[in-house]
Amino acid sequence: MSSSSSPPSSQVFFISSLIILWYSSNIGVLLLNKFLLSNYGFKFPIFLTMCHMSACAILSYISIVFLKVVPFQKIKSRSQFLRIATLSIVFCASVVGGNISLRFLPVSFNQAVGATTPFFTAMFAYLMTLKREAWVTYGALVPVVTGVVIASGGEPSFHLYGFIMCISATAARAFKSVLQGILLSSEGEKLNSMNLLLYMSPIAIVVLLPAALIMEPDVIEVTISLALKHRFMWLLILINSTMAYAANLTNFLVTKNTSALTLQVLGNAKGAVAVVISILLFRNPVTFVGIAGYSMTVMGVIAYGEAKRRYK
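Model, not experiment: these values are computed from the prediction. (Residues numbered from 1 in each chain as written. Predicted model: local features only at pLDDT ≥ 70, side-chain atom pairs only at ≥ 80, totals over all residues. Heavy atoms only, no water.)

A. Structural context of the overall build of the protein. Within the protein, the secondary structure is distributed over 14 helices and 0 strands. Helices and strands appear in the protein in the N-to-C order α-α-α-α-α-α-α-α-α-α-α-α-α-α. On C-alpha atoms alone, the protein measures out to a radius of gyration of 20 Å, which is about the 20 Å that the 2.2 N^0.38 rule sets for 312 residues. In terms of its C-alpha atoms, the protein occupies a principal-axis envelope of roughly 60 × 50 × 45 Å. Residue burial in the protein is summarised as follows: out of 312 residues, 46% are buried. Restricting to contacts in the protein with at least 6 residues of sequence separation, those with at least 24 account for 86%. Surface exposure of the protein reaches about 15900 Å², of which carbon and sulfur atoms provide 71%. (Helix = DSSP H or I, 4+ residues; strand = E, 2+ residues; numbered from the N terminus. Rg over C-alpha atoms; globule rule 2.2 N^0.38 Å. Buried < 20%, exposed > 50% of the residue type's maximum accessible area, 1.4 Å probe, protein only. Contact = heavy atoms within 4.5 Å. Areas by Shrake-Rupley, 256 points an atom, 1.4 Å probe, with all protein chains shown as cover.)

Spelled out as structure tokens, the structure:
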């Protein structure tokens, strides 16, 4: 009886491999971003984001058109294209904001702030769609916010500008998810996340290229200088950009092959793993108050997810 109800070993191996790749790509791109932007002297978060989007555009096209990882979905109208362009700009803002924050904040604190995404998602969902959750669900958000406030007070490397950019990036990420639900709600216009990335990435490049040249005017000169000094720099940027695409691809595949509850548990654990690895690698100082605050935020996120599941 038990053998017939359990999944075959090949499926278990496939899903386990996916989860390992998902963790590796997500945590890897985060740590490499931090290394390049904060420790390596490559202080160009907008240009780095453009490199990520370039890799996503090229690799999405190869994966969908040639490898047929998912069916290709065409844009059906001008209004649908404009909606995707709007999402792309918000997506750009969230990624650039997150990368800027990594210049000034340790990964551990960046992840603590990023864990407040459910708070902003619930807020935007209420403001934009009047969608209400049960009071218990909203109550679970109190420790999410309280934990970040405590973690901020106990963060030795706290930087106000970095914190503002991190909060802004987190809010933009939540805003994008709610906006996506509104703009691409009709059955005829819904796109899976991989096709959406295929269309958003080139639009993001068009937005980010002039932004990088205007806001980071010495990017080409400094990048060439760093490349001459560090011969592996281009390789690091290439690996970093490929990981950014791999994070999106594996996120899609893990979502497709596991349950929502499994994804939620794995997502919460992923943040904690990233924090531990970053502290070991970058040796940034941590305090008991900071750890307690982050732990409270994670527990709040877990409680929020459970409350949403129970009081649907």
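Having put the structure on the table, let's press on.
B. Expanded view of the packing of aromatic side chains. Summed over all chains, the structure comprises 12 aromatic pairs. Relative to tyrosine 40, the ring of phenylalanine 35 has its centre 5.3 Å away and its plane inclined at 50°; by these criteria the two rings are tilted. On the basis of relative accessible area, phenylalanine 35 is assigned to the partly exposed category, the value being 31%. Taking the relative accessible area as the measure of exposure, tyrosine 40 reaches 14% and is therefore buried. Summarising the aromatic geometry, the rings of tyrosine 61 and phenylalanine 66 are spaced 5.9 Å apart at their centres and angled 75° between planes, so their arrangement reads as edge-to-face. Judged by its relative accessible area of 56%, phenylalanine 66 falls in the exposed class. Three or more aromatic residues joined by ring pairs make a cluster, and in this case those are Phe42, Phe44 and Phe47. Positioned above the aromatic ring of tryptophan 22, the side-chain terminus of lysine 270 is 5.4 Å from the ring centre. (Phe/Tyr/Trp six-rings, centres within 6.5 Å; stacked < 30°, edge-to-face > 60°. Lys NZ or Arg CZ within 6 Å of the ring centre and 35° of its normal.)

C. Here's a closer look at the confidence of the model for the protein. Residues at a pLDDT of 70 or more form 97% of the protein, whose mean pLDDT is 91. The least confident element of the protein is helix α1 (residues 2–5), whose mean pLDDT is 50; the most confident is helix α3 (residues 45–66), at 97. (pLDDT = per-residue confidence, 0-100.)

D. Representation of the pattern of salt bridges within the structure. What the rule picks out here adds up to 5 salt bridges. Between glutamate 133 and lysine 308 there is a salt bridge, with the nearest N and O atoms lying 3.7 Å from each other. Here lysine 308 lies in helix α14 (residues 288–310) and glutamate 133 lies in the loop between α6 (117–129) and α7 (135–139), a separation of 175 residues in the sequence. For glutamate 133, a relative accessible area of 19% translates into the label buried. (Salt bridge = Lys/Arg side-chain N within 4 Å of Asp/Glu carboxyl O.)

E. Summary view of the environment of tyrosine 245. Tracing the backbone shows tyrosine 245 in helix α12 (residues 233–257). Take tyrosine 245: its relative accessible area is 5%, and that puts it in the buried class. Placed 185 residues apart in sequence, tyrosine 245 and serine 60 show a C-alpha to C-alpha distance of 7.8 Å. Leaving out residues up to four positions away in the same chain, tyrosine 245 has contacts with Cys56, Leu59, Ser60, Ser63, Met194 and Leu197.

F. How the structure looks around the state of the cysteines. Applying the stated criterion across every chain yields a total of 0 disulfides. Not part of a disulfide, cysteine 166 finds its nearest cysteine sulfur in cysteine 92, a span of 18 Å. Under the relative-accessibility criterion, cysteine 166 is labelled buried at 3%. (Disulfide = S-S within 2.5 Å.)

G. Quick look at the side chain of asparagine 284. Note that asparagine 284 resides in the loop between α13 (260–282) and α14. With near-sequence residues (within four places) excluded, asparagine 284 lies in contact with Pro106, Ser108, Ser278 and Ile279.

H. Quick look at the environment of proline 202. Examined against the element boundaries, proline 202 turns out to sit in helix α10 (residues 193–215). C-alpha separation for the pair proline 202 and serine 94, spaced 108 residues apart in sequence, amounts to 16 Å.

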